[in-house]
Amino acid sequence: MSRYREIAAEAMTAAQKRVHDLIVAGKRGRVSGPFTVLIRTPEICRHAAELGEHLRWSTSLPARLSELAICMTARFWRAQYEWYAHA
């Protein structure tokens, strides 16, 4: 059981819908994880999505090495969601 319910597309404000569409059109392809909460503040959500997308897919590391780095960092910091999402 989650603490926050997802906001249905038809219940989103115009700003939330724009951010939702931006995330879905990007490499993630869906709104999930922290973005289901962050979308309540669309401007922060947009910045977080853009930063995360850049850090994950726009580095000089090959994709497999990038995933390994994410998993190692998640394990070190005991970041349960990040570990769950990437391990």
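Q: Explain the packing of aromatic side chains to me, please; I cannot follow it from the model alone.
A: A ring pair, where both rings are aromatic, is described by two values, the distance of the centres and the angle of the planes. Within the structure shown, the criterion is met by two aromatic pairs. The interplanar angle of 85° and the centroid separation of 5.0 Å between the aromatic rings of Phe76 and Trp77 together place this pair among those described as edge-to-face. For the pair Phe76 and Trp77, one class covers both residues: exposed. Seen from their ring centres, Tyr81 and Tyr84 are 6.2 Å apart, and the 50° between their planes marks the pair as tilted. With Tyr81 and Tyr84 both in helix α5 (residues 80-86) and three residues apart, the pair spans about one turn of that helix. Under the relative-accessibility criterion, Tyr81 is labelled partly exposed at 40%. Residue classification places Tyr84 among the exposed residues on the basis of a relative accessible area of 67%.

Q: Any chance you could explain the pattern of salt bridges here in plain terms?
A: Should their charged atoms come close, side chains of opposite charge can pair. One pass over the full model with this rule turns up four salt bridges. When the shortest N-O distance is used, the salt bridge between Arg46 and Glu50 registers 3.3 Å. Within this pair, Arg46 and its partner Glu50 are both found in helix α3 (residues 42-57), separated by four residues, close to a single helical turn. For Arg46, a relative accessible area of 25% puts it in the partly exposed group.

Q: Can you walk me through a nonpolar patch on the surface in this structure?
A: A contiguous nonpolar surface patch, about 370 Å² in accessible area, is contributed by Leu61, Leu65, Leu68 and Met72. Overall, Leu65 belongs to the partly exposed group, its relative accessible area being 42%.

Q: I tried to follow the confidence of the model for the protein on my own but got confused; where do I start?
A: Detailed conclusions should not be drawn from predicted coordinates in areas where pLDDT is low. In this model, the protein carries a mean pLDDT of 93, and residues with pLDDT of at least 70 account for 98%. Averaged over each element, pLDDT in the protein is lowest for α5 (92) and highest for helix α1 (residues 14-25) (97).

Q: Would you mind going over helix α4 (residues 63-77) with me for this structure?
A: The α-helix advances 3.6 residues per turn, and as a result positions three or four apart in sequence lie on the same side. The end-to-end C-alpha separation of α4 is 21 Å, in line with the 21 Å expected for 15 residues at 1.5 Å each. Taken as a whole, α4 has its buried residues at Ser66, Ile70, Cys71 and Ala74. Buried residues of α4, viewed axially, fall in a sector of 135°; they line one side. Opposite the buried face of α4, at more than 90 degrees from it, the exposed residues are Arg64, Met72, Arg75 and Phe76. On its buried face, α4 sits against α3 and α5.

Reading guide: rules and limits
Residues numbered from 1 in each chain as written. Predicted model: local features only at pLDDT ≥ 70, side-chain atom pairs only at ≥ 80, totals over all residues. Heavy atoms only, no water. Phe/Tyr/Trp six-rings, centres within 6.5 Å; stacked < 30°, edge-to-face > 60°. Buried < 20%, exposed > 50% of the residue type's maximum accessible area, 1.4 Å probe, protein only. Helix = DSSP H or I, 4+ residues; strand = E, 2+ residues; numbered from the N terminus. Salt bridge = Lys/Arg side-chain N within 4 Å of Asp/Glu carboxyl O. Patch = residues over 30% accessible without salt bridge, like charges linked within 9 Å, V, L, I, M, F, W, Y side chains within 5 Å. Areas by Shrake-Rupley, 256 points an atom, 1.4 Å probe, with all protein chains shown as cover. pLDDT = per-residue confidence, 0-100. Expected span 1.5 Å × (residues − 1). Arc of directions from axis to C-beta. Contact = heavy atoms within 4.5 Å.

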